[in-house]
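Coordinate analysis (summary)
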Amino acid sequence: MEKQLENGSERVVLKVEKLRIHYATPQGDVIAVSDISFDLFEGETLGLVGESGCGKSTTAYGILQLVQPPGYIVNGSIEVDGTEVLDLGEEELRKFRWTGLSLIPQGAMNSLNPTMRIKDQIIDVIESHEGKQKSKEALRDRIFELFQNVGLPNRIYDMYPHELSGGMKQRVCIAMGVALHPTVVIADEATSALDVVVQRIVAQTLVKVKDEIGVSLIVIGHDMGLLAQIVDRIAVMYAGKMVEIAPVENIYAEPLHPYTRLLIDSIPSIKERKPLKITEGITHDPRNPPSGCIFRLRCPFAWEHCAEEEPEPIDAEHKHEVACHLYDERFEERRANAFATFANS
Ligand code: SF4
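Reference entry: report on the structure contained in this document. What you are looking at is a predicted structure, and each value in this text was computed from that prediction instead of being measured.

Parameters and conventions
- Residues numbered from 1 in each chain as written.
- Predicted model: local features only at pLDDT ≥ 70, side-chain atom pairs only at ≥ 80, totals over all residues.
- Heavy atoms only, no water.
- Pairing = 2+ DSSP bridges.
- Helix = DSSP H or I, 4+ residues; strand = E, 2+ residues; numbered from the N terminus.
- Axes fitted to C-alpha atoms, helices over the stretch in contact; angles between N-to-C directions.
- Contact = heavy atoms within 4.5 Å.
- Near = heavy atom within 4 Å.
- Nonpolar A, V, L, I, M, F, W, Y, C, P; charged D, E, K, R; others polar.
- Parallel < 35°, antiparallel > 145°, perpendicular 65-115°, else oblique.
- Left-handed = near helix turned anticlockwise from the far one by under 90°.
- Buried < 20%, exposed > 50% of the residue type's maximum accessible area, 1.4 Å probe, protein only.
- Phe/Tyr/Trp six-rings, centres within 6.5 Å; stacked < 30°, edge-to-face > 60°.
- Polar contact = N/O pair within 3.5 Å; in protein donor to acceptor, adjacent residues only side chain to side chain.

Comments concerning the sheet that holds strand 12 (residues 320-322)
Spatially, 6-7-8-3-9-10-12-11 is the arrangement adopted by the 8 strands of the open sheet, whose pairing is mixed. Of all strands in the sheet, those bounded by a partner on one side alone are strand 6 (101-104) and strand 11 (314-317). Neighbour-to-neighbour, the strand axes of the sheet open up by a mean angle of 25 degrees, direction not taken into account. The sheet contact formed by strand 10 (residues 241-247) and strand 12 spans 2 bridges and is antiparallel. Residue pairing in the sheet places Ile245 in a bridge with Glu321 of strand 12. Sheet contacts for helix 9 (residues 258-265): strand 9 (233-238) and strand 10; angle to strand 9, the most-contacted strand, approximately 110 degrees.

Topic: the site of the ligand
Around the ligand, the neighbouring residues are His257, Pro258, Cys293, Arg296, Cys299, Phe301, Ala302, Cys306, Cys324, His325 and Leu326. Its residues placed into classes, the shell around the ligand shows 8 nonpolar, 2 polar and 1 charged.

Regarding the packing of helix 3 (residues 118-130) against helix 4 (residues 136-150)
Interaxial distance between helix 3 and helix 4 falls to 11 Å at its minimum, and their mutual angle equals 110 degrees. It follows from the interaxial angle that helix 3 and helix 4 lie roughly perpendicular. Helix-helix and strand crossings are classified by hand; for helix 3 and helix 4 the assignment is right-handed. Packed against helix 3, whose contacting residues are Ile118, Lys119, Ile122, Ile123, Ile126, Glu127 and Glu130, the element helix 4 presents Lys136, Leu139, Arg142, Ile143, Leu146 and Phe147 at the interface. A class-by-class count of the residues in the contact of helix 3 with helix 4 yields 8 nonpolar, no polar and 5 charged.

Observations regarding the environment of Ile201
When you line up the elements, Ile201 lands in helix 6 (residues 196-213). Looking at Ile201, the relative accessible area reads 38%, which means it is partly exposed. When the C-alpha atoms of Ile201 and Pro69 are compared, they prove to be 35 Å apart, with 132 residues separating the residues in sequence.

Structural notes on the packing of aromatic side chains
Under the defined criterion, the tally for this structure stands at 6 aromatic pairs. Through a chain of ring-to-ring contacts, three or more aromatic side chains come together here, namely Phe144, Phe147 and Tyr157.

Points about helix 9
Taking burial as the measure, the 8 residues of helix 9 include 7 buried ones, the bulk of the element. When we look at burial in helix 9, the residues that qualify are Pro258, Tyr259, Thr260, Arg261, Leu262, Leu263 and Ile264.

Some thoughts on the side chain of Lys210
With respect to the helices and strands, the residue Lys210 is situated in helix 6. For Lys210, a relative accessible area of 6% translates into the label buried. Only 3.2 Å separates the side chain of Lys210 from the side chain of Thr45, close enough to count as a polar contact. Sequence-distant contacts of Lys210, that is, excluding residues within four places in its chain, are made with Gly43, Glu44, Thr45, Val215, Leu217 and Asp232.

Here you go:
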């Protein structure tokens, strides 16, 4: 799925094509990511959403070449600024991490080394790529500037992680993630372990830093409400497939894929009381996906054709792509009837 940003840069900094990742099990391979393709533009923030186990984090780890056995990349291409990441050797990859691609991991609060001062952890990142720095003062000033970028006070320089709050530790991880000005930063559920107020502040910090430092950002999460406030586009994944990708305002105003509609419908509202919508149907065995559309066992609009042919991404509207047969012009009438039923349910 490829789109261009209308108001931002049209330069693609990350191009993912046909990425497929499996986990080997004694009972057969589990398909975690199934031939997904998308572009990330310079300066863009892309949200990657979907329910737990849909392959969002595996996609991130695949892009970063951090998939651990029994996981493995079956096929695909991951290009960052013209560099094919899958062709890099171990040493080249080590250098590329933090400078080309960096990760703010899930549970980042626990990823800091509890026995090292904050300054030493950041200095480690910098010196592992740039070698021993001659001027300690210049290095300290550089770290202070990073602290300023992420809204941290200079006094934490000499502190240990246990002396910081959860939100502060998360900001340290953001500072480390952008310390070497990578082309692409991937934040994997970076705010999920925080309380809601801190979540919002940290998410905003992430985007502010992205703009100040000039990186492109992928934010992985399942909180559609939070993502809506910080991303430019949203890509929706279901069972390892990318089912819809669109500018954030389009996807909330008019979600196209039945799964996205159900996801958005499930966002709680403090303005209106509404019954919780349950997505009926069963989730398939990931070792044995259904024929045709991956969502058909849970889709309220599925019909025979959905079992016969896998839907390809369709450019349904300007800058809005969806993988669903209802947007195939052959089935226009079916689409109108289906959504009239949905609106009245
Ligand atoms: Fe539902 Fe069919 Fe569209 Fe899949 S292709 S989402 S089963 S209507």
